[in-house]
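Structural overview
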Amino acid sequence: DLEIAIKVVIVGNGAVGKSSMIQRYCKGTFTKDYKKTIGVDFLERQIECDGEEVRLMLWDTAGQEEFDAITKAYYRGAQACVLAFSTTDRDSFEAIQSWKKKVEDECGEIPTVLVQNKIDLLEQTVVDPEEVDLLARALGCRLMHTSVKEDVNVNAVFRFLTSRCLIE
Ligand code: GDP
Ligand code: MG
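Residues numbered from 1 in each chain as written. Chains lettered and ligands numbered in written order. Predicted model: local features only at pLDDT ≥ 70, side-chain atom pairs only at ≥ 80, totals over all residues. Heavy atoms only, no water.

Glancing now at the side chain of Thr-61. With respect to the helices and strands, the residue Thr-61 is situated in the loop between strand S3 (52-59) and helix H2 (72-75). Under the relative-accessibility criterion, Thr-61 is labelled buried at 1%. Apart from the residues lying within four places of it in its own chain, the contact partners of Thr-61 are Ile-10, Lys-18, Ile-70 and Tyr-74. (Helix = DSSP H or I, 4+ residues; strand = E, 2+ residues; numbered from the N terminus. Buried < 20%, exposed > 50% of the residue type's maximum accessible area, 1.4 Å probe, protein only. Contact = heavy atoms within 4.5 Å.)

Now the structure itself:
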């Protein structure tokens, strides 16, 4: 059998939880003080989806997003994308459109999920659910709400993207 490998890029402003999400999904761990980089380009996890064995490679930005210094190598060959913002960070929500454009410029149209992370902090929200819905619709993306901390919906994000990639 030919193994299917899918490169997934996870983009969004610093501190929205991208590295934590990769760590959670690939290693099953979460830490509060976990800083900028995981020290490698990507982590991987193997899953079965629609009867296929799939190897997901989740690419981390190692903090370069703060300097707007993400290189073309990061995006090269990406087949799926997570656009992430935080429930408690207004700027990260407003930056989503520009992140979408960067990915599109390098990769074209690829299966993409808009992820609102840190829903465990919903009482501190700085985004209105309706504007989030509107943005998802404007971008033509599936919207998912996650808490990497409490392990809510993280698997669902990657299952959805994998499934979309297998259809294409
Ligand atoms: P990145 O810069 O986007 O890679 O963000 P990090 O993964 O480094 O996370 C930034 C901070 O947010 C860390 O202190 C994480 O522990 C924390 N964090 C990540 N996801 C969640 C979440 O779902 N809920 C809460 N409360 N904190 C989170
Ligand atoms: Mg990071």
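Attention now goes to helix H6 (residues 154-167). In this model, H6 (14 residues) spans 21 Å end to end at C-alpha, consistent with the 20 Å of a helix rising 1.5 Å per residue. Taken together, the buried positions of H6 are occupied by Val-154, Ala-156, Val-157, Phe-158, Phe-160, Leu-161, Thr-162 and Cys-165. (Expected span 1.5 Å × (residues − 1).)

Turning our attention to the nonpolar core. The biggest cluster of nonpolar side chains holds 28 residues, and the ones touching the most others in it are Val-8, Tyr-25, Leu-56, Leu-58, Val-82, Phe-158 and Leu-161. Sorting the residues of this core by element identifies strand S1 (4-11), helix H1 (18-27), strand S2 (42-49), S3, strand S4 (80-86), strand S5 (112-117) and H6 as the ones contributing at least two each. Broken down by element, the residue count for this core peaks at 7 residues, all from H6. Those residues in contact with Leu-58, other than ones at most four positions away along the chain, are Val-8, Ile-10, Ile-22, Tyr-25, Cys-26, Asp-41, Phe-42, Leu-43 and Phe-158. Listed in part, the 26 residues of the second largest apolar core include Val-9, Val-11, Trp-99 and Ala-136. (Core = buried A, V, L, I, M, F, W, Y, C linked by side-chain atoms within 4.5 Å.)

It is worth spelling out the pairing of S5 at this point. Most of S5 is tucked away: 6 of the 6 residues are buried. Neither face of S5 is left uncovered, since the one carrying Thr-112, Leu-114 and Gln-116 and the one carrying Val-113, Val-115 and Asn-117 both have all their residues buried. Judged from the 6 bridges that link them, S4 and S5 form a sheet pairing that is parallel. Paired with Phe-85 across the two strands is Gln-116, which belongs to S5. Sheet topology note: the S5/strand S6 (residues 142-145) ladder contains 4 bridges and is parallel. Considered in S6, the bridge of Val-113 is made with Arg-142. Between S5 and its parallel partner S6, the chain crosses via helix H5 (residues 129-139), and the hand of that crossover is right-handed. (Pairing = 2+ DSSP bridges. Right-handed = clockwise from strand over helix to strand, strands pointing away.)

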